[in-house]
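Spelled out from the first residue to the last, the chains are:
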Amino acid sequence: MLPLSLLKTAQSHPMLVELKNGETYNGHLVSCDSWMNINLRDVICTSKDGDRFWRMPECYIRGSTIKYLRIPDEVIDMVKEDAQAKSRNRTEMNKNRGGNSSQNQRGGRPGGNRNNVGNRPGQGYGGPGNNAMRLGGTAGQGNRLPHAAKNRK
């Protein structure tokens with residue numbers, strides 16, 4: 001389960017956020033983004049020492065300042081159920097397609113990638129002597145132009 005999918009599911013649920021500086025924020029998650037910046041509503045902030053409290057209608061917390069999040073178990077269960085449902089759907093979709101494990105899912109040739117030019121060493125991209133040809137050089141076997149032999153003395 002991915003942290004961002006967990007946070008997306010936790011929207012409108014209560015959570016506790018502890019920051020790297022020791023402050024804690026208790027509130028309901030309104031939104032989050034891909035940097036884990038979060039908006040909370042009905043927030044109670046507790047100081048690092050635990051002796052001061054503030055009530056705020058809402059607050060914004062930058063994701064890079066978060067030490068950890070505490071989320072209700074029911075949210076975690078919901079994410080697990082969603083992941084299992086997606087897994088079942090993928091399995092059913094592959095069965096309906098008549099998927100064959102020897103071919104890729106896009107109906108390619110068995111045996112691999114169409115960009116794979118040759119299977120023997122020295123053939124295709126990445127073989128010895130072929131880097132010079134791709135880069136436009138003349139070093140390496142088989143990379144000379146046909147007229148090069150005529151002009152040599």
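Parameters at a glance
- Residues numbered from 1 in each chain as written.
- Predicted model: local features only at pLDDT ≥ 70, side-chain atom pairs only at ≥ 80, totals over all residues.
- Heavy atoms only, no water.
- UniProt positions renumbered as here; feature names shortened; annotations may be inferred.
- Salt bridge = Lys/Arg side-chain N within 4 Å of Asp/Glu carboxyl O.
- Buried < 20%, exposed > 50% of the residue type's maximum accessible area, 1.4 Å probe, protein only.
- Core = buried A, V, L, I, M, F, W, Y, C linked by side-chain atoms within 4.5 Å.
- Helix = DSSP H or I, 4+ residues; strand = E, 2+ residues; numbered from the N terminus.
- Contact = heavy atoms within 4.5 Å.

- Per an unreviewed UniProt entry, the recorded name for the protein chain is U6 snRNA-associated Sm-like protein LSm4, and the organism is Drosophila gunungcola.
- What UniProt states about the protein chain under its Sequence similarities (unreviewed entry) heading is, verbatim, "Belongs to the snRNP Sm proteins family."
- The protein chain has a UniProt comment under Subcellular location (unreviewed entry) that states "Nucleus".

**Comments concerning the pattern of salt bridges**
Phase 1: Tallied over the full model, the rule gives two salt bridges.
Phase 2: With a closest N to O distance of 3.1 Å, Arg41 and Asp42 form a salt bridge.
Phase 3: The exposure class assigned to Asp42 is partly exposed, which follows from its relative accessible area of 45%.

**Considerations on the nonpolar core**
The nonpolar side chains of a soluble globular protein tend to be buried, and buried together.
Phase 1: Grouped together as the largest cluster of nonpolar side chains are 19 residues, with contacts concentrated most on Val17, Tyr25, Ile38, Leu40 and Ile61.
Phase 2: Of all the elements in the fold, those that place two or more residues in this core are helix H1 (3-9), strand E1 (14-19), strand E2 (24-32), strand E3 (38-46), strand E4 (53-61) and helix H2 (73-97).
Phase 3: A total of four residues in this core trace back to one element, the largest contributor, which is E3.
Phase 4: Ignoring anything within four residues of it in the chain, the contact list for Ile61 reads Val17, Leu19, Tyr25, Met36, Asn37, Ile38, Leu40 and Ile66.

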